[in-house]
Amino acid sequence: ILFLAPTRPLIDQQWSAFQKLTRPQYDISSALITGETNMRVRDWKNPKIIFSTPQTVTRARGALDGIDLIFFDECHHATGNYDYVPIGAEAQRRGIAIFSFSAVPGDTQEKINVIKRNLGITTLVNFSTRMPARFEQTIEVQMDFSLKRIDEWFLELF
């Protein structure tokens, strides 16, 4: 299984969550493979689940060899020249099962159709969750010396 997420911090987060949910109760081997790891494609076959960025997959020859299922997190990126597009095309050509998810797949049916076509999505399921009401109150305060200094530090950082 190949689990893809568009950024290194997000794939790190997904892999960490998987580790917390499955260990030690389940013994499912997994690996985090990004451009910063030293693993090569030949090493990919040992873990049952590989967590990676799409850029790492597109740069590795044979990365989809032996893959039966690909998860595309944040699948709304599967447009244009983004690396999800060729991975999705190759997965479809090879008959690899695809599961895609996104909180916001697109704001028009046309954009959603592009994603569906690029990833071979045949069934689209929409989950609506009711969000709790937000209660906010803005309080304006005078900035004392400490707050002014912190503000200056943030401006220097940016």
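Residues numbered from 1 in each chain as written. Predicted model: local features only at pLDDT ≥ 70, side-chain atom pairs only at ≥ 80, totals over all residues. Heavy atoms only, no water.

(A) Examining the overall build of the protein chain more closely. Along the backbone of the protein chain there are 5 helices and 5 strands. Overall, the protein chain shows an N-to-C arrangement of helices and strands of β-α-β-β-α-β-α-β-α-α. Computed over its C-alpha atoms, the radius of gyration of the protein chain comes to 20 Å, more than 25% above the 15 Å expected for a compact globule of 158 residues. Dimensions of the protein chain along its principal axes, counting C-alpha atoms only, are 65 × 40 × 35 Å. Looking at the protein chain as a whole, 31% of its 158 residues qualify as buried. Long-range contacts, defined as pairs at least 24 residues apart, comprise 58% of the intrachain contacts of the protein chain with a sequence gap of at least 6. Accessible surface, the protein chain: about 11500 Å² in total, of which carbon and sulfur atoms supply 54%. Charged side chains in the protein chain number 18 positive and 18 negative. The centres of these two groups are separated by 8 Å. (Helix = DSSP H or I, 4+ residues; strand = E, 2+ residues; numbered from the N terminus. Rg over C-alpha atoms; globule rule 2.2 N^0.38 Å. Buried < 20%, exposed > 50% of the residue type's maximum accessible area, 1.4 Å probe, protein only. Contact = heavy atoms within 4.5 Å. Areas by Shrake-Rupley, 256 points an atom, 1.4 Å probe, with all protein chains shown as cover. Lys, Arg positive; Asp, Glu negative; His and termini not counted. Charge placed at Lys NZ, Arg CZ, Asp CG, Glu CD.)

(B) Structural detail: the sheet that holds strand β2 (residues 30-33). Strand order in the open sheet formed by 5 strands is β2-β3-β1-β4-β5, and the pairing between neighbours is parallel. Unpaired on one side and paired on the other, β2 and β5 (97-101) mark the two borders of the sheet. Ignoring which end each strand starts from, the neighbouring axes of this sheet average 15° apart. Of the pairings in the sheet, the one linking strand β4 (residues 69-73) to β5 comprises 5 bridges and is parallel in character. (Pairing = 2+ DSSP bridges. Axes fitted to C-alpha atoms, helices over the stretch in contact; angles between N-to-C directions.)

(C) A look at the nonpolar core. Core analysis: the biggest nonpolar cluster contains 22 residues, and L2, L4, I70 and F72 have the highest contact counts within it. Listed by contribution, the elements that provide at least two residues to this core are β1 (2-4), β2, β4, α3 (84-94) and α4 (109-119). If you tally residues by element for this core, the top one is α3, at 3 residues. A5, L10, I11 and F51 belong to the second-largest nonpolar core, a separate cluster that totals 8 residues. (Core = buried A, V, L, I, M, F, W, Y, C linked by side-chain atoms within 4.5 Å.)

(D) Spotlight on the packing of aromatic side chains. Per the stated rule, a full pass over the model turns up 9 aromatic pairs. Arranged with centres 6.4 Å apart and planes meeting at 65°, the rings of F71 and F101 form a pair that is edge-to-face. Highlighted residues: F71 in strand β4 and F101 in strand β5, separated in sequence by 30 residues. You can call F101 partly exposed: its relative accessible area is 28%. (Phe/Tyr/Trp six-rings, centres within 6.5 Å; stacked < 30°, edge-to-face > 60°.)

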